[in-house]
Amino acid sequence: MKFRIFLFIFSILGAQNFNDLVKLINNSNIVKIYQKNIQIQKEKLKEVKGKNYGRLDLEYDYMHLFDRPTITFDLQEPIAAQNLGSSAPLYPLIYKNFAAKLAVGKKNNFVGSLVYSYPIFTGYAISNLIDIEKLNVIKSKLKLQNIKRDLKLKIAKIYADIYALKYKIYALNDAKMALLSAKEKANALYKEGLINKSTVDEIDAKYFEIQSSIDNVKAQKKSLLNILSYILNTKVKSISNLPSINLLKPKFNNRPDIKEIKKTLQIASKNVNLQKSLFYPKLYFQIGLKAKATDATLNNNDYSNLNNSYVALSLKYNIFNGNSDKSKLQQAKIEKMKAYIFYRDYLNKVKTTYKNDLLILNALKKRLLSANQEIKARKSYYEYIKAKFSEGLADVTDLNSAIAKLAESKAKRDYIKSEIFFYILKANIDGGRK
């Protein structure tokens, strides 16, 4: 018993309780990845909002022509007078056709423009896109909350399993100490010639079997601690006892995954509105400061107007495109209906999972009552066999069996305790409670 108390005190030094580990979830690399996803989604929202402010483009082009631009004119040139006789009062001229080329530009050309474009009306497409991206930001935050929820559940399961293994080690150590006590009795009986050497050897064999089990369970415990350390991105060497938690009334609509699905349904509705914008005309305004020149400073043009600045309005309205827009709208409506069906199905699934959690939890509580009664019976039987063995009236096989079964019943009780802790927490989380 003193050894058990020493192990317990040693184990709680530096041990971390469950609530401390939950606080470390934000240190998980998985959480950090999803935090980056939120930042990305916020930048996407800024990108879409930028469409509401129009667009300002600066452009500067240089073009070198292989041939100098010219324009050709068809002209006529008089070459002689036609003699029709002395009685003719006039002498008609004879003309020759020829082509004249004039330069209308240079080989080096420069164009600079500063153009501002603004969407006056897009059929509410931009406003719907902004609403969708706002909902996506909320969805990404809810997804992060759901990741934390899943991590908490995963940590709880590992914590419960480590607790069960820790107390299994305690139970095996109790069995080992009981065997050492039995070995002392056996040696005394052997010296008195009351039992054979094989009886002492049987106790030794059982002792090393239990020691092997302890080493194996310690390795399992260490493996789970490593997994816990990986998830939390922090070294976890040991855990303390199970926290006391109560079963809370469910609030399913508080679950982040339920809220996320609701946002998906809202996005589907906004997407229907977005597709409806295809049936509206689009009106754009544009103003541009533009110059075409023959020098790099855009200050000279000997062949045409230097200033090509302008103001423009553009109206676009699709009359027919093979019913493509109608099909897109129908797809969006179907997606909305599908999202609603998925939401209802998911909510039913959540409620079913919660009900099953309660069934398992009630069964575990009954098993714990039985396990406590079993320990009392096993302990009583062990004390009986131990007394009989001390008197040389019980076989070593019976003693080993009594010690092993008592250890097993203790380990089973602590495993059930760990499972009760986990399923209370799971039921609370599945029920939308933190």
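Residues numbered from 1 in each chain as written. Predicted model: local features only at pLDDT ≥ 70, side-chain atom pairs only at ≥ 80, totals over all residues. Heavy atoms only, no water.

*Asks:* So what's going on with the sheet that holds strand 1 (residues 55-64)? Which residues, and what values?
*Replies:* One open sheet holds the four strands; their spatial order is 1-4-5-6, and the pairing between them is antiparallel. Each end of this open sheet is capped by a strand with a single partner; those strands are strand 1 and strand 6 (310-316). Strand-to-strand, the axes of this sheet are offset by a mean angle of 25°, without reference to chain direction. Bridge count for strand 4 (residues 108-121) against strand 5 (residues 282-293) is 11 bridges, and the pairing is antiparallel. Opposite Val111, over in strand 5, you have Lys292 as the bridge partner. (Pairing = 2+ DSSP bridges. Helix = DSSP H or I, 4+ residues; strand = E, 2+ residues; numbered from the N terminus. Axes fitted to C-alpha atoms, helices over the stretch in contact; angles between N-to-C directions.)

*Asks:* Outline the packing of helix 4 (residues 125-191) against helix 6 (residues 256-276), listing residues and values.
*Replies:* Contact pair helix 4 / helix 6: the axes reach a minimum separation of 9 Å and the direction vectors enclose 165°. When the axis of helix 4 is compared with that of helix 6, the two are roughly antiparallel. Between helix 4 and helix 6 lies a crossing whose hand is left-handed. Of the residues assigned to the contact of helix 4 with helix 6, the class counts are nine nonpolar, eight polar and nine charged. (Parallel < 35°, antiparallel > 145°, perpendicular 65-115°, else oblique. Left-handed = near helix turned anticlockwise from the far one by under 90°. Nonpolar A, V, L, I, M, F, W, Y, C, P; charged D, E, K, R; others polar.)

*Asks:* Before we move on, could you go through the pattern of salt bridges and cite the residues and values that matter?
*Replies:* Applying the stated rule across the entire model yields 20 salt bridges. One salt bridge connects Lys183 with Asp204, and the closest N-O pair in it is separated by 2.9 Å. Taken as a pair, Lys183 in helix 4 and Asp204 in helix 5 (residues 197-232) lie far apart in primary sequence, 21 residues in all. Note that Arg413 and Asp414 form a salt bridge whose closest N and O atoms lie 3.5 Å from each other. (Salt bridge = Lys/Arg side-chain N within 4 Å of Asp/Glu carboxyl O.)

*Asks:* Describe the environment of Ala171, and please don't skip the residues or the numbers.
*Replies:* You can see Ala171 is positioned in helix 4. By relative accessible area, Ala171 is classed as buried at 3%. When near neighbours in sequence (up to four residues on either side) are disregarded, Ala171 contacts Ala407, Lys410 and Ala411. (Buried < 20%, exposed > 50% of the residue type's maximum accessible area, 1.4 Å probe, protein only. Contact = heavy atoms within 4.5 Å.)

*Asks:* Kindly report on a nonpolar patch on the surface, identifying the contributing residues and their values.
*Replies:* A cluster of nonpolar residues, Ile71, Phe73, Leu75, Phe98, Leu102, Val104 and Tyr303, forms a patch on the protein surface that exposes about 550 Å² of accessible area. At the level of secondary structure, the elements contributing two or more residues to the nonpolar patch comprise strand 2 (70-81) and strand 3 (93-103). Looking at the nonpolar patch, the element that brings in the most residues is strand 2, giving three residues. Overall, Ile71 belongs to the partly exposed group, its relative accessible area being 36%. (Patch = residues over 30% accessible without salt bridge, like charges linked within 9 Å, V, L, I, M, F, W, Y side chains within 5 Å. Areas by Shrake-Rupley, 256 points an atom, 1.4 Å probe, with all protein chains shown as cover.)

*Asks:* Break down unusual backbone geometry for me, citing the residues and quoting the values.
*Replies:* The backbone phi angle of Tyr124 is positive, close to 70°, even though this residue is not glycine. Here Tyr124 is to be found in the loop between strand 4 and helix 4. With a phi close to 60°, Leu298 is a non-glycine residue in the positive phi region. Looking at the element boundaries, Leu298 is found in the loop between strand 5 and strand 6.

*Asks:* Mind laying out the nonpolar core, listing which residues take part and the relevant values?
*Replies:* Core analysis: the biggest nonpolar cluster contains 64 residues, and Leu21, Ile155 and Leu228 have the highest contact counts within it. Per-element accounting of this core gives the leading share, 23 residues, to helix 4. Listed in part, the eight residues of the second largest apolar core include Phe252, Tyr343, Val350 and Ala427. (Core = buried A, V, L, I, M, F, W, Y, C linked by side-chain atoms within 4.5 Å.)

*Asks:* Hey, could you go over the packing of aromatic side chains for me, with residue numbers and the actual values?
*Replies:* Both the distance between ring centres and the angle between the ring planes are used here to describe each pair of aromatic rings. Applying the stated criterion to the full structure yields 14 aromatic pairs. Each ring, one from Phe121 and one from Tyr124, has its centre 5.4 Å from the other, and the planes form 85°; the classification is edge-to-face. Residues Phe252 and Tyr354 carry aromatic rings whose centres are separated by 5.5 Å and whose planes lie at 85° to one another, so their mutual orientation is edge-to-face. With Phe252 in the loop between helix 5 and helix 6 and Tyr354 in helix 7 (residues 324-390), this pair connects stretches of sequence that are 102 residues apart. Neither Phe252 nor Tyr354 differs from the other in exposure class; each is buried. Taken together, the ring pairs in this structure connect Phe18, Tyr159 and Phe421 into an aromatic cluster. The residue whose ring lies beneath Lys157 is Phe422, and the NZ or CZ to ring-centre distance is 5.2 Å. (Phe/Tyr/Trp six-rings, centres within 6.5 Å; stacked < 30°, edge-to-face > 60°. Lys NZ or Arg CZ within 6 Å of the ring centre and 35° of its normal.)

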